[in-house]
Amino acid sequence: MAEQNSHQPESMGNASPPVLRQLLDRLLKVPGVIQAIVSDKNGVPLDDQSDIGRSLATRGKVFIDGAILAGKTMGVGETKSVAVHDHNGRMLVYALDNQYLHIFVTKDIRLALVEAAISKILATGR
Amino acid sequence: MRDMLQNINKVEGVIGSLVSTVDGEKTVHAFPPLFDGEHIRKIATTISGTIRQSSTADTPELLEMRYQNGMIITRMLRGGFLALLCTNDINMSLLTISLNVAKPKLEILLAESATISVNPDVVKNLTERMDKLKIAFIRQVGPVGEYLFEEILKKLGTAAFKDDDDLVDLVDLLKDEIESTVGKTEFINESITILS
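Criteria and thresholds
Residues numbered from 1 in each chain as written. Chains lettered and ligands numbered in written order. Predicted model: local features only at pLDDT ≥ 70, side-chain atom pairs only at ≥ 80, totals over all residues. Heavy atoms only, no water. Helix = DSSP H or I, 4+ residues; strand = E, 2+ residues; numbered from the N terminus. Buried < 20%, exposed > 50% of the residue type's maximum accessible area, 1.4 Å probe, protein only. Contact = heavy atoms within 4.5 Å. Areas by Shrake-Rupley, 256 points an atom, 1.4 Å probe, with all protein chains shown as cover. Pairing = 2+ DSSP bridges. Core = buried A, V, L, I, M, F, W, Y, C linked by side-chain atoms within 4.5 Å. pLDDT = per-residue confidence, 0-100. Axes fitted to C-alpha atoms, helices over the stretch in contact; angles between N-to-C directions. Expected span 1.5 Å × (residues − 1). Polar contact = N/O pair within 3.5 Å; in protein donor to acceptor, adjacent residues only side chain to side chain.

Right, let's talk about the overall build of chain B for a bit. Per the secondary structure count, chain B includes 7 helices and 5 strands. N-terminal to C-terminal, the α/β element order of chain B is α-β-β-α-β-β-β-α-α-α-α-α. A buried classification covers 45% of the 196 residues belonging to chain B. When contacts within chain B are restricted to residue pairs at least 6 apart in sequence, long-range pairs at least 24 apart make up 56% of them. Accessible surface, chain B as shown: approximately 10100 Å² in total, 54% of it carbon and sulfur.

Residues and elements named next belong to chain B. The alternating pattern of strand E2 (residues 27–30) places Thr27 and His29 on one face and Val28 and Ala30 on the opposite face, and all of these are buried. Pairing between strand E1 (residues 14–21) and E2: 4 bridges, direction antiparallel. In the strand pairing of E2, Ser17 is matched with Ala30. What sits between the antiparallel neighbours E1 and E2 is a turn of 5 residues, in which Gly24 has the positive phi angle 75°.

On to the nonpolar core. Soluble globular proteins tend to pack their nonpolar side chains together in the buried interior. Val82 of chain A together with Leu18, Met65 and Ile72 of chain B are the most contacted members of the largest nonpolar core, which totals 32 residues. Among the secondary structure elements, those contributing two or more residues to this core are helix H2 (51–74), strand E2 (79–85), strand E3 (90–95) and strand E4 (99–105) of chain A together with helix H2 (37–54), strand E3 (62–67), strand E4 (70–77) and strand E5 (80–86) of chain B. Per-element tally for this core: the top contributor is H2 of chain A, with 7 residues. Contact partners of Met65 of chain B, with chain neighbours within four places excluded, come to Phe63, Gly66, Ala67, Ala70, Ser81 and Val82 of chain A together with Gly70, Met71 and Ile72 of chain B. In this structure, Leu5, Val28, Met71 and Leu84 of chain B belong to the second largest nonpolar core, which totals 22 residues.

Turning our eyes to something else, we now look at the confidence of the model for chain B. All names here are of chain B. Confidence in the prediction for chain B averages 84 pLDDT; 87% of positions are at 70 or higher. Per-element mean pLDDT across chain B ranges from 78 in helix H6 (residues 164–175) up to 95 in E3. For this predicted complex, the interface confidence comes out at an ipTM of 0.85, alongside a pTM of 0.69.

A few words on the environment of Ile47 of chain B. Residues and elements named next belong to chain B. Within the secondary structure, Ile47 sits in helix H2. Distance from Ile47 to Thr74, taken between C-alpha atoms, is 8.0 Å for residues 27 residues apart in sequence. Setting aside residues no more than four positions away along its own chain, Ile47 makes contact with Ile72, Thr74, Phe81 and Ala83.

A sheet is described by the order of its strands in space; here 9 strands give the open sequence E1(A)-E4(A)-E3(A)-E2(A)-E3(B)-E4(B)-E5(B)-E1(B)-E2(B), paired in antiparallel fashion. In the strand order of this sheet, the two ends are held by strand E1 (33–40) of chain A together with E2 of chain B, each with one partner. Mean inter-strand twist for the sheet, computed between neighbouring axes without regard to direction, equals 15°. Direction of pairing for E3 of chain B relative to E4 of chain B: antiparallel, over a ladder of 6 bridges. Its bridge partner being in E4 of chain B, Leu63 of chain B is matched across the sheet by Thr74 of chain B. In this fold helix H3 (residues 111–124) of chain A packs onto E1, E2, E3 and E4 of chain A together with E3 of chain B, with an angle of close to 30° to the strand it touches most, E3 of chain A. Relative to the sheet, helix H3 (residues 92–112) of chain B contacts E1, E3, E4 and E5 of chain B, its axis offset from that of E4 of chain B by approximately 40°.

Between the first and last C-alpha of H2 of chain B there are 26 Å, a value that for 18 residues agrees with the 26 Å anticipated at 1.5 Å per step. Backbone nitrogen of Glu38 of chain B and a side-chain oxygen of the N-cap are separated by 3.0 Å at the start of H2 of chain B; the cap is Asp36 of chain B.

The structure is reproduced here in structure tokens:
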């Protein structure tokens, strides 16, 4: 279970494709991050058309859409992110302006540390 | 089950909690009164639907939905799930320990209550109608009706009241206590109105 839940990523919704690629490459360098892709709000990957990329984006969309609906029901404000823990690892889905960021993280690392590093990259671009 | 949920709610930062069957149909909750039956039903079915849609292969063990003003945490149980509404400053380590302790107990209770619907709104509705039946009964038999009503409830067992069929059984026993044919007819007619 993640210990950290207050940090939020900045938007990368207007990033041009090369800038987006650079950000994703930086995210992939975070220890524990196996995959990072950005999709539109229909769950269609913008930069990764592989089967694994599409599968991650499709699954991530289900969770973030569910979170948005659940959040509206309970009146908890804007949806920020979802962390999904299963026996294979952890998936993080961030709701950005017009896109979703999907990140798959190994199970053998503290999620809070990974999330802190991700937030720093999203906030500063570095 | 509600006692367990109320204990979980004592963890600082937990606003409310619910346990649901995996299909989201049967829920027991301990949420503040502001959250009515519609909120509970909707959140249970939303979480259930999300889990079912997510994948057939990898069922999530834990979901953390993070928001501007709080979190919704869902822990999978055997046969269902536990969902908590929390503030953002909740101590997750403390919550994890509490959930680890509660999980096996909740799974046992969930298995035991799998056939029992204990939606508090349904219970409240049944209780209100039961009270109306009691008044209608006393109107026909007089003050002794209060005592007779309680005796019949004891005979049926209060735990038996889960749905309208149980109220029909109650009416059936009550009418037999009314000697006057006219009174019996009036009571039955009034009961039909109450139950319809």
